[in-house]
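Survey of secondary and tertiary structure
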Amino acid sequence: MTAGPSGIGVVFQNVTKQYGKMTAVDGVSLDIRAGEFLTLLGPSGSGKTTLLMMLAGFQDITAGDILVGGSSIASTPPEKRNFGMVFQGYALFPHMTVRKNISYPLEIRRKPQAEIEARFNEMLDLVQLNGFADRYPHQLSGGQQQRVALARALSFSPRVLLLDEPLGALDRKLRADVQEQLKEVHNRVGTTFIYVTHDQEEALTMSDRIVIMDHGKVVQVGNPVELYEKPRTAFAASFLGKSNFIHRDGRTFALRPEKRAQDPHETGRSARNNERGEGRSKMEEVTMKDKAFLNDLAREGAIAFKSGRLDRRSFLMLCGLAGVATLAVKANDAEAAANEIVMWNWGGESEKCPGDAIGKPFTAKTGLPLKFDTSGPLQGKIKEMVDSGKVTADVCDADGFDAIALGKSGHLEAIDYNIVDKKQIKEGVAWEYGVGVIFYGYAFMYDTKAFGDNPPKGWADFYDTAKFPGKRSLYKWANGSIESALVADGVAKDKVYPCDVPRAIAKIKTIKADSLYWGSGSEAHDMIVNGEVAMGMIWQNRGKTIEERTNGRYKMVMNEAIAMPGAYIVPRGNPAGRDNVMKFIEQALQVDSQLMILDCLGMTPSNPEAFAKIPEAMQPYAINSAQNIDKVIFNDPVWWADNGGDAVNAFLEAIG
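Residues numbered from 1 in each chain as written. Predicted model: local features only at pLDDT ≥ 70, side-chain atom pairs only at ≥ 80, totals over all residues. Heavy atoms only, no water.

**Some remarks on helix H21 (residues 540–549)**
Buried within H21 we find Gln-540, Asn-541, Gly-543, Ile-546 and Glu-547. In this fold, the buried residues of H21 make contact with strand S18 (434–447), helix H20 (521–529), strand S21 (535–539), strand S22 (554–569), helix H23 (591–601) and strand S23 (604–605). (Buried < 20%, exposed > 50% of the residue type's maximum accessible area, 1.4 Å probe, protein only. Helix = DSSP H or I, 4+ residues; strand = E, 2+ residues; numbered from the N terminus. Contact = heavy atoms within 4.5 Å.)

**Brief notes about the nonpolar core**
Core analysis: the biggest nonpolar cluster contains 109 residues, and Trp-459, Tyr-463, Ile-482, Tyr-568, Ile-569, Phe-584 and Trp-640 have the highest contact counts within it. Sort the elements by how many residues they give to this core and S22 lands first, with 11 residues. Discounting chain neighbours no more than four positions away, the residues touching Trp-459 are Tyr-442, Ala-443, Phe-444, Ser-484, Val-487, Ala-488, Met-537, Glu-560, Ala-561 and Ile-562. Core analysis: the second largest hydrophobic core is formed by 30 residues, Ile-102, Leu-126, Val-178 and Val-185 among them. (Core = buried A, V, L, I, M, F, W, Y, C linked by side-chain atoms within 4.5 Å.)

**Focus on the state of the cysteines**
All chains considered together, the criterion is met by 1 disulfide. Through a disulfide, Cys-353 is tied to Cys-600; the S-S separation comes to 1.6 Å. With a gap of 247 residues between them, Cys-353 in helix H13 (residues 349–366) and Cys-600 in helix H23 connect regions that are remote in the sequence. (Disulfide = S-S within 2.5 Å.)

**Examining the sheet that holds strand S9 (residues 209–214)**
Within the open sheet, the 6 strands sit side by side as S6-S7-S8-S3-S9-S10. Their pairing is mixed. Because the sheet does not close on itself, it has two edges, and the strands there are strand S6 (83–87) and strand S10 (217–222). Going across the sheet, the axis of each strand differs from the next one's by a mean of 20°, ignoring polarity. Of the strand pairs in this sheet, strand S7 (residues 160–164) and strand S8 (residues 192–197) are connected by 5 bridges, and their pairing is parallel. Residue pairing across strands places Leu-161 opposite Phe-193, the latter belonging to S8. This element, helix H1 (residues 48–56), spans strand S3 (37–41), S6, S7, S8 and S9 of the sheet and lies at about 145° to S7. Of the strands in this sheet, S6, S7 and S8 touch helix H4 (residues 142–154), which is tilted by about 170° from S6. (Pairing = 2+ DSSP bridges. Axes fitted to C-alpha atoms, helices over the stretch in contact; angles between N-to-C directions.)

**Topic: the confidence of the model for the protein**
Of all residues in the protein, 82% have pLDDT values of 70 or greater, and the mean over the chain is 82. Taken element by element, the protein is modelled with least confidence in helix H9 (residues 278–288), mean pLDDT 34, and with most confidence in helix H17 (residues 459–462), mean pLDDT 98. Below pLDDT 50 for its whole length, residues 1–5 participates in 14 contacts with residues either more than four positions away or in separate chains. Counting interchain partners and residues more than four positions distant, the pLDDT-below-50 stretch residues 321–337 has 34 contacts. (pLDDT = per-residue confidence, 0-100.)

**Points about the side chain of Glu-560**
Its location among the elements puts Glu-560 in strand S22. One buried charge, Glu-560, has no salt-bridge partner; the nearest side chain with opposite charge is Lys-493, at 6.5 Å. Those residues in contact with Glu-560, other than ones at most four positions away along the chain, are Gly-458, Trp-459, Val-487, Lys-493, Lys-631 and Ile-633. (Lys, Arg positive; Asp, Glu negative; His and termini not counted. Salt bridge = Lys/Arg side-chain N within 4 Å of Asp/Glu carboxyl O.)

**Let's talk about the pattern of salt bridges**
Enumeration according to the criterion identifies 15 salt bridges in this entry. Among the charged side chains, a network of salt bridges with common partners joins Arg-99, Glu-117 and Asp-134.

**Some words on the packing of aromatic side chains**
Counted under the stated rule, the structure contains 21 aromatic pairs. Where Tyr-442 meets Tyr-475, the ring centres are 5.5 Å apart and the plane angle is 35°; that geometry is what we call tilted. With a gap of 33 residues between them, Tyr-442 in strand S18 and Tyr-475 in strand S19 (residues 472–475) connect regions that are remote in the sequence. Assigned by exposure class, Tyr-442 and Tyr-475 land together as buried. With 6.4 Å between their ring centres and 55° between their planes, Tyr-497 and Trp-639 make a pair best called tilted. Of this pair, Tyr-497 sits in the loop between helix H18 (481–488) and helix H19 (501–509) while Trp-639 sits in helix H25 (residues 637–655), and the two are 142 residues apart along the sequence. (Phe/Tyr/Trp six-rings, centres within 6.5 Å; stacked < 30°, edge-to-face > 60°.)

**Concerning the packing of H13 against H23**
In the contact formed by H13 and H23, the axes pass within 9 Å of each other and the chain directions differ by 160°. It follows that H13 is roughly antiparallel to H23 by the angle criterion. Read as a crossing pair, H13 and H23 show a hand that is right-handed. Each of Glu-349, Ser-350, Cys-353, Pro-354, Asp-356, Ala-357, Ile-358 and Pro-361 in H13 lies in contact with H23, whose residues at this interface are Ser-593, Met-596, Ile-597, Cys-600 and Leu-601. Counted by class, the contact of H13 with H23 contains 9 nonpolar, 2 polar and 2 charged residues. (Parallel < 35°, antiparallel > 145°, perpendicular 65-115°, else oblique. Left-handed = near helix turned anticlockwise from the far one by under 90°. Nonpolar A, V, L, I, M, F, W, Y, C, P; charged D, E, K, R; others polar.)

Okay, structure coming up:
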């Protein structure tokens, strides 16, 4: 099978999507070429998934039009568009074998059995799963399950394949493997691939062109090298790769790790250099040609790092690329790696807010700047980093159960409670290998137009679709959903742990026909504000924003909310050293820092001294406020660390 005429062009013409007063996509015009691999790249809330969902037909267009093959599809229902779709959660049928999963789209189209068998064998060969035909999804690895989902989506020869963060549930090693396989599959089938991600590495590795989005708008479009070397804006320069910005004579320059200074306001490369693949071949020529060049580059990087012109993470990446030891030592600067604190978190406001609330006062006290890696510290990624010996992060913004699990596996530094004051931490969240610095929670919201006269009061009402009819939404990775089901089924708040998972699953199944499932805060937000659900589970810190943006139409119920401790954990061998990172965690627990985090992110303080200082306007929305602290259920991270894998698998099988 080779690339051919199966791809088809897609055109967005001034497309806008609004939810009430909120604009999710703002006048996007985009021409996607037939047969190309195009990636929509942007932070959470940038509009990339909404754009994909409008193309799929799952969201209506507020204004504008979408053309496929030159014809408008605005009024075409999703099932008539003949698009394939691959999701982050695989969405495989757990009761079907690989053969049945891949063949299912052909069977419902009533294709002849001989054609189904031939196409199945072709797809199995395409994704290199020969010998797995009779296995069930639970007998496959995550990467194998994703390849089955890809084969199923391609089995009926779709005009366009839509991929919504399909590698998000895989660890870093698996993601790298599947990236190569996806690109190979695209080259063989020639179908137009439209891929959504917030991961820069995925976009740079696989894409013919990348569309960078922010706040519902297209920031820049181009091939990977063009966008990296010639960003038109500071946002493009900072989001795609790492940059140090220099302001001079009214102009802004972005200094890349390899010391190439760029003006973010310059235009991109000329049209003749935009041909598919041209840039990537040159990138390979420059970065992979020989080790001598890379060693020289790393040595220059050491000098730039020592002088403050290059951040530490970029310097360490250069050393790793060159295959040399950290050149801070070779440059007689053994202390260089302790010159900053790097926080690994999820980006967006989670970068700016801690930077202001914690980073600025910490830097004022210690002289050490706070930098960010915003690629997301999943457990598997932390393990891989520590096991490799190339640790680039000092502190990770994680969950309490991560602190327990990674502490047991030997991947974390123990917390030094001679520096971090336990009196500043709520009882129960000062662990050996992590500190609960904030709380967030799983609450739910309801539509006052549907239930204004008789509002729901707790999880029992949420699960009662006879008394409170309408669709529901739950978190698809089980946290919060398991506990909510047990409380709805009559389990007392103080008896929720250890969780009776079979009982919870049985309760969840009672509303399965009326339930949708979300994996990100933006998805949960959209399901509520666009009227997809009458009641929806939500991260509590988003509730206030939704109430304000909808003028009170949607109200949040904090009674019986599941309170989750957000933890700071320290990877074993962190470059900044033990004392420095412990002082950083101590700063995060100061009352002023805690209240600033509450104000900008809606995350509730962990320091008991801050509870009484929570502003009156935030009292209804804060986990540990006087209004809510006795109403909520505090999550047990130890139970989740020990049992979470089995609980999530049981949950996914139940909702599959």
